Amino acid sequence: MDTTAIPHPPRRLPVLGDVLGMNPRTPVQSVLGQVRDLGPISVRKVFASEIVTVGGADLAAELSDDTRFAKYVGFHLPPLRRIVGDALFTAETDEPNWQLAHDILTPAFTREAMLGYHTIMLEVARDLLTRWDTAAERGQRVDVATDMTRLTLETIGRTGFGYRFASFDRDRPHPFVTAMTRTLRYANLSLLPPWVPLRRVLVGSARQNRADVALMEHIVDEVVQARRAGAAPATLDLLGQMLATAHPDTGDRLDAINIRRQVITFIIAGHETTSGALSFALYYLTSDPHALARARAEVDALWGDGEDPEPTFSDISKLRYVRAVLDEALRLWPTAPGYVRAARTDTMLGGRYAMNQGDWALVLLPLLHRDPLVWSDPDRFDPGRFAPGQAKTRPPHAYKPFGTGQRACIGRQFALHEAVLALGLVLNRYDLIPDDDYRLQIAESLTLKPRGFRLLPRRRNGLSRRGRVIERGEAGGVEEPAKAAAVTVFGDEPA
Ligand code: MNH
């Protein structure tokens, strides 16, 4: 790509390039700092290679065009690809297994499929509430990202594979999570050029990484074996779809190696990002009393504020403000922070920048999502940006937390259903008290999550999930909640 006309960070060093301001532990945040003021497109030189980064909505819209550009897996994904190969996330679009898996798995993400997952998602969300009830009784703070990871891992395990990680019965994360986290960190840091100081220390040993991958493969093989040995679930879940379905046109099936890779992919992709999204949503809500009150008013209007509610599938789409909170959290901190697009033929980007076939650019989502030409006061948390009708006031490709085109996230509806349900239930049940002095810190693996963000949950009424009264109001009892006639309309002020 001809980068001569593209701005670069000011303090470029000979040979090394644009390394000042780079923290190897936090590449996304470092790059944001380097290029934020450079406009809609910038280029960084790291040693011999040049990385073009796009954050302007106009250019991002062009890159979204699947006829001109395609997903590129050669930049940040090779370390992951070494583990999961041509599974859905890391496949080249023209590898046969991408289309095959896409077609076989799409039916597992329809509305009907979601309907089937709802009950399981609710069961898992209630496991979270049970855990937080205990914390509330004991006056203990919870680490939000850790518990959201329990929730989302358990959800993808049970809904997708009929497998229980028993995340809520463990004090420490499930061994799969420990191995996976280390693997992602290894993947992330092994992208660093070898001369980066401390790289060896940061990356850890290759032997550890091999052991971690072997452990994940072993767990996945167990999951598959359990299914082959036991009874199939009534409806086809992800695993059922992979094991039992042939392609409707070609009759092709996924082979055993590919299924293993898909399962690892779905366990990773199916929980890391959703966990971060829920954690950021809770962070922003608990630092914005106004938004919190509105979200809670909406939830209370639907579910009351005293008993254990019975959320139905169709309740979830009514929680529009809660959904907007998640949308806005994913705007500010898109937990899958970018994707890469390569030119399919020689082309001009923005009518100005010549790209040869195969040249690529990184769409850095936290930058795109704060494009000052699109968002007013872009750093401010404001769920009102996602009120009904608002999206139409913006350019079509200004908001892309789930990626784009045919390679966009297959699990979007799954993630949003799960997250709205869990967030709604948590808001309905607890007052949430953050540490006074907490300042947002973001941990990066291949995804983003708040680090060290803790909340003290406090039951809003007196009942614990086990039914014991732990605290009584002045009236000495818990009253039947008045179920409001209509859901609080988005945009109404809370009473
Ligand atoms: Mn998901 C692709 C973000 C939840 C499974 N996901 C993507 C991409 C983004 C993304 C961005 C495109 C990446 C790229 O172009 O390189 N995903 C998210 C976010 C959440 C999320 C922000 C939650 C919030 N993803 C989920 C869930 C699942 C899932 C839940 C599974 C249950 N995602 C995938 C898969 C792909 C993907 C599989 C690859 C799809 C493909 O390329 O065909």
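Above: the structure in question.
A brief look at the structure comes next.

Criteria and cut-off values
- Residues numbered from 1 in each chain as written.
- Predicted model: local features only at pLDDT ≥ 70, side-chain atom pairs only at ≥ 80, totals over all residues.
- Heavy atoms only, no water.
- Helix = DSSP H or I, 4+ residues; strand = E, 2+ residues; numbered from the N terminus.
- Rg over C-alpha atoms; globule rule 2.2 N^0.38 Å.
- Contact = heavy atoms within 4.5 Å.
- Areas by Shrake-Rupley, 256 points an atom, 1.4 Å probe, with all protein chains shown as cover.
- Lys, Arg positive; Asp, Glu negative; His and termini not counted.
- Charge placed at Lys NZ, Arg CZ, Asp CG, Glu CD.
- Expected span 1.5 Å × (residues − 1).
- Buried < 20%, exposed > 50% of the residue type's maximum accessible area, 1.4 Å probe, protein only.
- Donors = N, O, S within 2.8 Å, 3.2 Å for Na, K, Ca; no water.
- Phe/Tyr/Trp six-rings, centres within 6.5 Å; stacked < 30°, edge-to-face > 60°.
- Pairing = 2+ DSSP bridges.
- Axes fitted to C-alpha atoms, helices over the stretch in contact; angles between N-to-C directions.
- Near = heavy atom within 4 Å.
- Polar contact = N/O pair within 3.5 Å; in protein donor to acceptor, adjacent residues only side chain to side chain.
- Nonpolar A, V, L, I, M, F, W, Y, C, P; charged D, E, K, R; others polar.

As for the overall build of the protein
Point 1. Broken down by element type, the protein carries 17 helices and 12 strands.
Point 2. In summary, the protein has a C-alpha radius of gyration of 23 Å against a globular reference of 23 Å for 495 residues, a match within 12%.
Point 3. The principal-axis extents of the C-alpha atoms in the protein amount to approximately 75 × 55 × 45 Å.
Point 4. Residue pairs at least 24 apart in sequence account for 73% of intrachain contacts in the protein once pairs closer than 6 positions are excluded.
Point 5. Of the accessible surface of the protein, which amounts to about 22,300 Å², a share of 52% is contributed by carbon and sulfur atoms.
Point 6. A distance of 4 Å separates the average location of the 61 positive side-chain charges in the protein from that of its 60 negative side-chain charges.

Side note on helix α17 (residues 412-429)
Point 1. For α17, spanning 18 residues, the distance from its first C-alpha to its last is 26 Å, which sits close to the expected 26 Å at 1.5 Å a residue.
Point 2. With 16 of its 18 residues buried, α17 lies for the most part within the structure.

Remarks on the coordination of the manganese atom of the ligand
Point 1. Exactly one protein atom donates to the manganese atom of the ligand; that atom is Cys409 (SG), 2.4 Å from the metal.
Point 2. Secondary-structure assignment places cysteine 409 in the loop between α16 (365-368) and α17.

Thoughts on the packing of aromatic side chains
Point 1. Overall, the coordinates contain 17 aromatic pairs when judged by the stated rule.
Point 2. Ring plane angle 15° and centroid distance 5.4 Å describe the contact between tyrosine 72 and tryptophan 360, whose orientation is recorded as stacked. Residue tyrosine 72 is located in the loop between β3 (69-71) and α3 (78-84), and its partner tryptophan 360 is located in strand β8 (residues 360-364); the two are separated by 288 residues in the primary sequence.
Point 3. Using a relative accessible area of 23% as the deciding quantity, one classes tyrosine 72 as partly exposed.
Point 4. Between tryptophan 375 and tyrosine 399, the aromatic rings sit 6.4 Å apart at their centres with planes inclined by 65°, giving edge-to-face as the arrangement. In this pair, tryptophan 375 sits in the loop between α16 and α17 while tyrosine 399 sits in the loop between α16 and α17, placing the two residues 24 residues apart along the sequence.
Point 5. When its relative accessible area of 2% is taken as the criterion, tryptophan 375 is described as buried.

Describing the sheet that holds β3
Point 1. Overall, mixed pairing links the 5 strands, which are arranged β1-β2-β8-β5-β3 in an open sheet. Every other strand in the sheet has two partners, leaving β1 (41-46) and β3 as the edge strands with one partner each. Ignoring which end each strand starts from, the neighbouring axes of this sheet average 35° apart.
Point 2. When β3 meets strand β5 (residues 338-343), the two strands line up antiparallel, connected through 3 bridges. Counted as the bridge partner of lysine 71 is arginine 341 from β5.
Point 3. Of the strands in this sheet, β1 and β8 touch helix α1 (residues 27-35), which is tilted by about 120° from β1.

Some remarks on the site of the ligand
Point 1. Around the ligand, the surrounding shell holds 25 residues, and the nearest of these are Lys71, Trp98, Thr273, Arg407 and Cys409.
Point 2. Here an oxygen atom of the ligand sits 3.3 Å away from a polar atom, N or O, in the main chain of leucine 88.
Point 3. In the model, an oxygen atom of the ligand is placed 2.7 Å from a nitrogen or oxygen of the arginine 407 side chain.
Point 4. Secondary-structure elements contributing two or more residues to the shell around the ligand are α11 (256-269), α12 (272-286) and α17.
Point 5. Here the shell around the ligand gets 3 residues from one element, more than from any other, and that element is α12.
Point 6. When the residues that make up the shell around the ligand are grouped by side-chain class, the tally is 17 nonpolar, 6 polar and 2 charged.

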